[in-house]
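# Structural features, examined
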Amino acid sequence: MTLTVSPTVATDLAPEAASRALKVGIPKEIFAGERRVAATPDTAKKLQKLGFEIFLETQAGAAASFSDRAYEQVGCHILPDAPSLWQTVDIVLKVRPPQWYAEFEAHEADWLQPDSTLVSFIWPTQNGELMERLAQRGSTVLAMDAVPRISRAQKLDALSSMANIAGYRAVIEAANQFGRCFTGQITAAGKTPPAKILIIGAGVAGLAAIGAARGLGAIVKAFDTRPAVKEQVQSMGAEFLELHFQEDGTGTGGYAKVMSQAFIAAEMALFAQQAQEVDIIITTALIPGKPAPLLITRDMVETMKPGSVVVDLAAEQGGNCEVTQPGEIITHQGVTIIGLTDLPSRMAAQASQLYGNNLYHLLSDLGGSQHFEVNLEDEVIRGTTVIYQGQILGPPPQSEATAPAATETVTPPTAPAPAHSRGLGGRVLGLLTLALIFVALGLWAPESFLTHFTVFVLASFLGWKVIWDVTPALHTPLMSVTNAISGIIIIGGMLQISGDLTAPTTMLGALALFLGTVNIAGGFMVSQRMLNMFHR
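Residues numbered from 1 in each chain as written. Predicted model: local features only at pLDDT ≥ 70, side-chain atom pairs only at ≥ 80, totals over all residues. Heavy atoms only, no water.

### Re the overall build of the protein chain
A count of helical and extended segments in the protein chain gives 15 helices and 21 strands. Taking all 536 residues of the protein chain together, 40% fall into the buried category. Per element, the accessible surface of the protein chain, about 28,700 Å² overall, is 60% carbon and sulfur. (Helix = DSSP H or I, 4+ residues; strand = E, 2+ residues; numbered from the N terminus. Buried < 20%, exposed > 50% of the residue type's maximum accessible area, 1.4 Å probe, protein only. Areas by Shrake-Rupley, 256 points an atom, 1.4 Å probe, with all protein chains shown as cover.)

Set out below in structure tokens:
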């Protein structure tokens, strides 16, 4: 049952908790094969700076190579078992959703205290029974998989953090199963061609896979239904495969949407052709709330060259490949299909660090220990909150900013027409006035002034065209050109100020010298700051 709650600003914890340091608990993950932990010693220190007191279940970070001693050295408290941890803390931070704990013959959700807060991956649409169980505890639950995918929430976006690691790890797993080097080699013993890799889906995971594969020297091709990612793919040195369809696959929240049947038929034909040419296929296609779309059929797998590899990053949601077996690595007619569902966990230390940073930013936005509150009027917090004080919340209301703009297509009124006419008349009058000024200067100004004035007008027009007709992407290299021009201006200014200090030309020369120096200094400062962005 889904209940509605009016948007309010309220503290999620009991009033007496607000006067003390809130306790944050990090239990050990019990999901089979899960090695991540919700806080590392580094992120635990950050949480302590927000005023929280940190408690961990013993050996919570051992699988990610973080010992109890490492946590104790930064001031964390170690508790002996899971029940004592859940019953002690005000806020529980987890990676996997709560589940049945066989050792204690109890469900983790039943340990959640009333008026406490749980932050974890929840997948509420897929775990209805778990949602009901959590709601019965009278607590508040924030789902890291429900963080709105908007610019302001990027620092909280745990899905992107984990997808980035999964994409990189997918290439490593493929390289481990592949029988050749990724880069081409020419040696005395012979030559080997570079590996050809097709990456389907150029989201966060796909782009990470492209970067890793290109770094290993492979020839990379990528396909995505969203035309907007084409430039990103090409900027990383990969070839972007396109279909000649006037259909945009961009969906909400950065995901792709379901395409038309004609488009799907065309892309399947493309994948069938590429399957015969490439050595490795990495699929990342997911559509929120639906099973993973089938992209690689059994027939396509059987046409791939022996020794080829398919890595299915959507295996946990059913898989993009027809022969994928979630959680396993199998071989089908000489082709290896990797259906692992724990790729981020295979890089547990780094994945835990990134996830811990996401949690830190969330708790910081919630006000830290002293001002902790769940503000349902905040777009990010409302989208992340799936249960509020025991009430299951439905999807957040659509923001007015995202409402369709079609309702604004009305016929323009005729009333502003006179104002437009007045504006046109004003521009004509201004041009006539400027023309009269030029005529007056031509009739009465000295010849030497006209020579310099002509150069000034032409230089102004040229500068305007150079700046405004150049795409913003080229403004950085354009600074080197303007610095060179400023150098010429400085030389000319120095020549002008060598005469009488009270002469107008001397004063103009001094002004030119000053402005040229400012432009050069500013250009070097901006260039240096941009170069520092690429320093390790």
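### Description of unusual backbone geometry
Unusually for a residue other than glycine, Asp-115 sits at a positive phi of about 65°. Inspection of the secondary structure assignment puts Asp-115 in the loop between strand S7 (106–107) and strand S8 (117–120). Residue classification places Asp-115 among the partly exposed residues on the basis of a relative accessible area of 40%. Despite not being glycine, Trp-123 shows a phi value in the positive range, around 55°. On the accessibility criterion, Trp-123 (32% relative accessible area) is partly exposed.

### A few points about the pattern of salt bridges
Evaluated as defined, the whole model comprises 17 salt bridges. Residues Lys-230 and Glu-242 are paired through a salt bridge, measuring 2.9 Å at the closest nitrogen-oxygen approach. Residue Lys-230 is found in helix H7 (residues 230–235), and its partner Glu-242 is found in the loop between strand S14 (239–241) and helix H8 (261–277); the two are separated by 12 residues along the sequence. Connected through shared salt-bridge partners, Glu-34, Arg-36, Arg-96 and Glu-316 make up one network. (Salt bridge = Lys/Arg side-chain N within 4 Å of Asp/Glu carboxyl O.)

### Things to note about the sheet that holds strand S12 (residues 196–200)
Strand order in the open sheet made by the 7 strands is S14-S13-S12-S15-S16-S18-S17, with mixed pairing throughout. Each having just a single partner strand, S14 and strand S17 (329–332) make up the two edges of the open sheet. Each strand axis lies, on average, 20° off the axis of its neighbour in the sheet, ignoring direction. Strand direction decides the pairing type here: S17 and strand S18 (residues 335–338), joined by 4 bridges, are antiparallel. Residue Ile-329 lies in a different strand from S18, and its bridge partner there is Ile-338. Across the sheet, H8 lies against S12, strand S13 (219–223), S14 and strand S15 (280–283), angled at about 165° from S13, the strand it touches most. (Pairing = 2+ DSSP bridges. Axes fitted to C-alpha atoms, helices over the stretch in contact; angles between N-to-C directions. Contact = heavy atoms within 4.5 Å.)

### Considerations on H8
Under the 1.5 Å per step criterion, the end-to-end length of H8 is 25 Å for 17 residues, consistent within 8% with the ideal 24 Å. Of the residues making up H8, those classed as buried are Phe-263, Glu-267, Met-268, Leu-270, Phe-271, Gln-274 and Ala-275. Mapping the buried residues of H8 onto a view down its axis gives an arc of 165°, with all of them on the same face. Elements in contact with the buried residues of H8: S12, S13, S14, S15 and helix H9 (298–303). (Expected span 1.5 Å × (residues − 1). Arc of directions from axis to C-beta.)

### Some words on the packing of aromatic side chains
Summed over all chains, the structure comprises 8 aromatic pairs. With a centroid separation of 5.8 Å and an interplanar angle of 55°, the aromatic rings of Tyr-101 and Trp-111 are classed as tilted. Within this pair, whereas Tyr-101 is found in strand S6 (residues 100–101), its partner Trp-111 is found in the loop between S7 and S8, the two being separated by 10 residues in sequence. Judged by relative accessible area, Tyr-101 falls into the buried class, the value being 8%. Geometrically, the ring pair formed by Phe-178 and Phe-182 is edge-to-face, given 6.1 Å between the ring centres and 70° between the ring planes. Neither Phe-178 nor Phe-182 differs from the other in exposure class; each is buried. In textbook terms, an aromatic cluster arises when at least three aromatic residues are bridged by ring pairs, as seen for Tyr-101, Phe-104 and Trp-111. Its guanidinium or amino end placed over the ring of Phe-31, Arg-96 lies 4.0 Å from that ring's centre, counting from NZ or CZ. (Phe/Tyr/Trp six-rings, centres within 6.5 Å; stacked < 30°, edge-to-face > 60°. Lys NZ or Arg CZ within 6 Å of the ring centre and 35° of its normal.)

### Structural notes on the pairing of strand S2 (residues 23–26)
Where S2 meets strand S3 (residues 53–57), 4 bridges bridge the pair, whose relative direction is parallel. Across the sheet, Val-24 pairs through a bridge with Ile-54, a residue of S3. In this region the chain leaves S2, passes through helix H1 (residues 41–49) and returns to the parallel neighbour S3; the handedness of that crossover is right-handed. Where S2 meets strand S5 (residues 91–93), 2 bridges bridge the pair, whose relative direction is parallel. (Right-handed = clockwise from strand over helix to strand, strands pointing away.)

### A word on the nonpolar core
One finds Ile-26, Ile-54, Leu-93, Met-144 and Tyr-355 to be the most contacted residues of the largest nonpolar core, which totals 47 residues. When contributions to this core are tallied by element, the ones reaching two or more residues are S2, H1, S3, S5, helix H5 (158–177), helix H10 (348–365) and helix H11 (379–384). At 7 residues, H10 tops the list of elements feeding residues into this core. Once residues within four sequence positions are removed from consideration, Ile-54 is found in contact with Val-24, Ile-26, Ala-44, Leu-47, Gln-48, Cys-76 and His-77. (Core = buried A, V, L, I, M, F, W, Y, C linked by side-chain atoms within 4.5 Å.)

### Section: a nonpolar patch on the surface
On the surface, Leu-434, Ile-437, Phe-438, Phe-456 and Val-457 cluster together into a nonpolar patch covering about 450 Å² of accessible area. Among the elements of the structure, helix H12 (417–444) and helix H13 (447–468) are those that each provide at least two residues to the nonpolar patch. Among the elements that take part in the nonpolar patch, H12 stands out by supplying 3 residues, more than any other. Relative to the helices and strands, Val-457 is located in helix H13. According to the relative accessible area criterion, Val-457 is partly exposed, its value standing at 33%. (Patch = residues over 30% accessible without salt bridge, like charges linked within 9 Å, V, L, I, M, F, W, Y side chains within 5 Å.)

### Description of the confidence of the model for the protein chain
Predicted confidence across the protein chain gives a mean pLDDT of 83, with 82% of residues reaching 70 or more. Counting contacts from residues 1–12, a segment whose pLDDT is below 50, to residues more than four positions away or on other chains yields 39 contacts. (pLDDT = per-residue confidence, 0-100.)

### Things to note about the environment of Ala-238
Locating Ala-238 in the fold gives a position in the loop between H7 and S14. Measuring from C-alpha to C-alpha, the distance between Ala-238 and Leu-207 comes to 9.8 Å, with 31 residues separating the pair along the chain. In contact with Ala-238, other than residues within four places in its own chain, are Ile-210, Val-220 and Val-233.

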